[in-house]
Amino acid sequence: MNDDLQPIDPSELAGIDPTGGLDELLIFGHPGTRRHFLKQVAGTSAAISLGPALMGIGSIEAAETDATSGGNASAAVTHVQLRINGRDHKLEIDPRTTLLDALREHLQLTGSKKGCDHGQCGACTVLVNGRRINSCLSLAVTHEGDEITTIEGLATGDELHPVQAAFLEHDGFQCGYCTPGQICSAVACISEGHARSDAEIREWMSGNLCRCGAYPNIVAAVKEAQSKTPAKAS
Amino acid sequence: MSATTLIGPARSRVDGRLKVTGAAKYSVEFEVPKCAYGWTVESNIAKGKITAIETKAAQAVPGVLAVLTHLNMPKFKEAPKKEGGGGGAGIRNEERFPLSDDGVYYAGQYVALVVAETIEQARHAASLVRVSYAPEEPLLTMEAAVRKADKPKKNNDTPVQINKGDVATALKDASLVKIEQTYITPTETHNPIEMSGTIAHWEDDQKLTLYDATQFVKGVQNILARSLGLELENVRIICPFVGGAFGCKGAVWMHVLLAAMGSKVAGVPVKMHVTRRNMFVGAGHRTPTRQTLSLAATKDGKLQAIQHVSETLTSPVGQFTESCGSRSTGVMYESPSIRVEETVYPVNVSTPTFMRAPGECPGTYALECAMDELAIALKMDPVALRLANHADNHPTKNVPFSAKHLREAYQLGAEKFGWSKRNPELRSMRDGDLLVGWGMATATYPAHKMSAAAKVILRADNSATVQCATHDLGTGAYTAFTQISSEQLGVPFEKVTFELGKSDFPFGPVAGGSNSTGTVGTAIHEAAVLLHKALAELAVKDSKSPLYNTKIEEIGMVAEGRIGIVTDQTKSDSYADILKRAGRDSIEVQSEQKPPEENKKQAFQSWGAHFCEVKIDPLLPRVQVTRVVSVMNCGRIVSAKTARSQIMGGVTMGIGMALTEETSYDPATGLPVIRNLADYHVPTNADVPEIDVSFVGEPDFAFNPIGARGMGEIGITGIAAAIANAVYHATGKRVRDLPITPDKLI
Ligand code: FES
Ligand code: FES
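Summary of the structure given here. (Residues numbered from 1 in each chain as written. Chains lettered and ligands numbered in written order. Predicted model: local features only at pLDDT ≥ 70, side-chain atom pairs only at ≥ 80, totals over all residues. Heavy atoms only, no water.)

1. Let's talk about the interface of chain B and chain A
Contacts between the two partners involve 72 residues from chain B, matched on the other side by 67 residues from chain A. Summed over the three residues of chain B that lose the most area to chain A, namely Val20, Ile193 and Asn685 of chain B, the buried surface amounts to 14% of that side. Our enumeration of links across chain B and chain A arrives at five salt bridges. Lys113 of chain A is the partner of Glu29 of chain B in a salt bridge, and the nearest nitrogen-oxygen pair spans 3.0 Å. Linking chain B with chain A are 32 residue pairs in polar contact (both at pLDDT 80 or more). Elements represented by at least two residues in the side of chain B that touches chain A include exactly helix 1 (16-21), strand 1 (36-42), helix 3 (119-126), strand 14 (270-273), helix 7 (276-279) and helix 14 (640-659) of chain B. With nine residues, the single largest contributor to the side of chain B that touches chain A is helix 14 of chain B. A per-class count over the side of chain B that touches chain A returns 30 nonpolar, 23 polar and 19 charged. (Contact = heavy atoms within 4.5 Å. Buried area = accessible area lost by both parts, 1.4 Å probe. Salt bridge = Lys/Arg side-chain N within 4 Å of Asp/Glu carboxyl O. Polar contact = N/O pair within 3.5 Å; in protein donor to acceptor, adjacent residues only side chain to side chain. Helix = DSSP H or I, 4+ residues; strand = E, 2+ residues; numbered from the N terminus. Nonpolar A, V, L, I, M, F, W, Y, C, P; charged D, E, K, R; others polar.)

2. Concerning the pattern of salt bridges
Here the structure, examined in full by the defined rule, presents 42 salt bridges over all chains. The residue Arg83 of chain A makes a salt bridge to Asp88 of chain A at a minimum N-O spacing of 3.3 Å. Of the residues examined, Asp88 of chain A reaches a relative accessible area of 42% and is grouped as partly exposed. Salt bridges sharing common partners tie together Asp372, Glu373, Arg734 and Arg736 of chain B. (Buried < 20%, exposed > 50% of the residue type's maximum accessible area, 1.4 Å probe, protein only.)

3. Side note on the nonpolar core
A general trend in soluble globular proteins is that nonpolar side chains are found buried together. Residues Phe167 of chain A together with Ile723 of chain B are the most contacted members of the largest nonpolar core, which totals 176 residues. It is helix 12 (residues 516-540) of chain B that provides the largest number of residues to this core, a total of twelve residues. If sequence neighbours within four positions are ignored, Ile723 of chain B has contacts with Cys612, Val614, Val625, Gly654, Ile655, Ala658 and Leu659 of chain B. With 53 residues, the next largest nonpolar core counts Leu113, Leu224, Ala251 and Met272 of chain B among its residues. (Core = buried A, V, L, I, M, F, W, Y, C linked by side-chain atoms within 4.5 Å.)

4. A few points about helix 11 (residues 477-489) of chain B
Residue and element names in this part refer to chain B. Taking 1.5 Å per residue as the helical rise, helix 11 with its 13 residues ought to reach 18 Å, and the 17 Å between its terminal C-alpha atoms agrees with that figure. Summarising burial for helix 11: 13 of the 13 residues are buried, a large majority. Looking one or two residues past helix 11, Gly490 carries a phi angle of roughly 80 degrees, positive in sign. (Expected span 1.5 Å × (residues − 1).)

Following this line, the structure appears as structure tokens:
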């Protein structure tokens, strides 16, 4: 049944930067939404073909099997309600839509960036229930009930979040395209308690690539923001 | 009033707030109603013909609006073949139009385009397109393509085959110390984090707007207008932010033409965001290079001969030459004899393009490693060898360099790094169990000048808007041009708005060749002169003005917001008063785009020195760069903070070049086997140490009125050599093919 699919390039299966700062992939979103997800995709073969994705393979393409086996299943839309930056959004989307594409293409929240669509660059990092995830690796329908925070939701009115202010002050970016992901990642990195030294920041921020090479300034910015954030009891 | 200090103020980016809040709109992020999505199908052979292409299944997918192949692709109008980047013509590295015939010229070539209502539909439908091929034997290596090899006389009007003095005789002279080595660099891919992308929106069948991620809005405008047979003013290109480019967004690549044509056929706006996978085939790369350096020097280290033979690749459907020898050896050291030879081989691989310091970057890698090898053969300190061969005059043009302060760069760099504490003995320095190596190299990049124009609108409230169709790739252009505008116009920094990235604005050249600061800065300067003249004309006719009846030529800017008599500054008038009394809300001037003035009496080139430390575990020889000191001499530094970031960025990319970056191809099929960011290792945060950047020298006013020679590219030159030299110092192993991965050190 899969002979219609282009073979997956093995080079794409290498998955995640092993030094990345992500605790786990959260492909299925919040654990509590897993059952819901499986219900939503039941009746297609997507659940089966998502097997490789569960193993950390950075390709959503596997999810497309549903349409090849199910005839015109690709026209199907599903309803999902997402809570983003404190506001609820009702969406009618293709069940294959990633959280990143839901944000960028359906909600015009283009602050979250697409830099690879494969979980390899971190540009799409958002916070889900306070944890950083690669939104390109996560299907939107799995996030019902989650509290999603994107770069657009960090500032309070005109007042920048301390991490945003520190990036601005330390020139922690150049083109700015990796920046929303870096900033969301840094917010989580600090709250995880992984920003206590330069070496630790370098390591735990290495899941976010910056081709412009702003790293030393990013380290300086995270360090400063960390020093302004009250320590969390662990 | 031009600023004469070396380094301008350290301001935060004026566009920074937009970037840290996610509000900055990059090209494919513009909201265009009813926008559909384009998805490509690529060839999986490197050479041959398409014999059949089956699109029914794709067409049957709900939401699919069009499937284009060479069988039904409308014809483009012909655009001229070879075009330079300096003028308004635009740049095409790949000269064949997409889907224009049944030929396959490289693996990864687009062979079909699907347009559908959603990304998911387009991607899925593209996976259903079946292509059959009659494959042919591809040419994939220099050896295979040897009969098609070309030795171009010139690259962008600059001669690239250089012959000065008698290299052959010097290389045979038994009294001289000689080295000869071959250095290899692999294919490198730019990989800006923003992938290329375009939204094509036809307002009617004669009017097209493109939101395109580009380094050259005016070039895209011209090429699209001519390719599609449209009036120039009916094609608008919009690009206020670029998410990194490094050269790969300078030319018009196939996806841009596909988006425009796909949109025309489908009858809806089309968005194409090139996949990361296709960034390795469809948006250029740095060609691999093979360079053989032969040096001969007297026993006290005076170079007598330098020969630099450089071989690179291009594709059968494009022309691009990476001029390694002429752009490094051709400018760097004094020597009575210099020979540069450059050969280009067309192979069945996608078309290369300029990548940060094209030519200079791989060229300085080879030359500066060879200099290190020569220093060791001579038992001479590497810095001393370079000082002994310092070129006061351009070594092949024989005119003096303007404002060259390379000696100071070596000196300051050595001091800051602590170079005098280096033990020249190999494997002699340790940090616990780790081997420590110290290496250095020279950096260089030419000062390019192109043409531009700027428009200035000054208002009675003392605010100003300045416009030019230039670009900010992350370079800090918004900030630097706001700074230059403020200085040149005499308007406070906070009251200047600088606008760029729209083809509606006056001409700006490609943001490449590190030319923008100087070129656009000069246009702003010229517009400021016009503005002051226009204000003077109002003032001298106004009996209430202290400048009433003064000769226009005597008037100039005397202070912020004021023009007056330059020799008698007691007589002056403010911009605001002049405009108010004339009953004007604003005044508008625009400078003229004209070919840049050539100064043939001097040569203009930027310089620098990198010093670096590496640490290597002898058991698992992974190289860690632990310290970098870079001292640059680039004329005036307009914007201190963003300039430092540019050098840091160049150094970081150089660390990747030295240690991890390589796009490799299957030698049998010519398909790239590295096509994602998990396999193509750009440096991560953990790979990059503190980078100590400083600037020396003086503003280079002989070059332009801003005094700036540009500095976007120089940071990456020389750094790979400095690292390779440090690795040799640490380990005693000379790796002459990049990247220096652990397997090469075991
Ligand atoms: S876009 Fe999600 S990790 Fe790159
Ligand atoms: S700022 Fe350009 S990729 Fe990080």
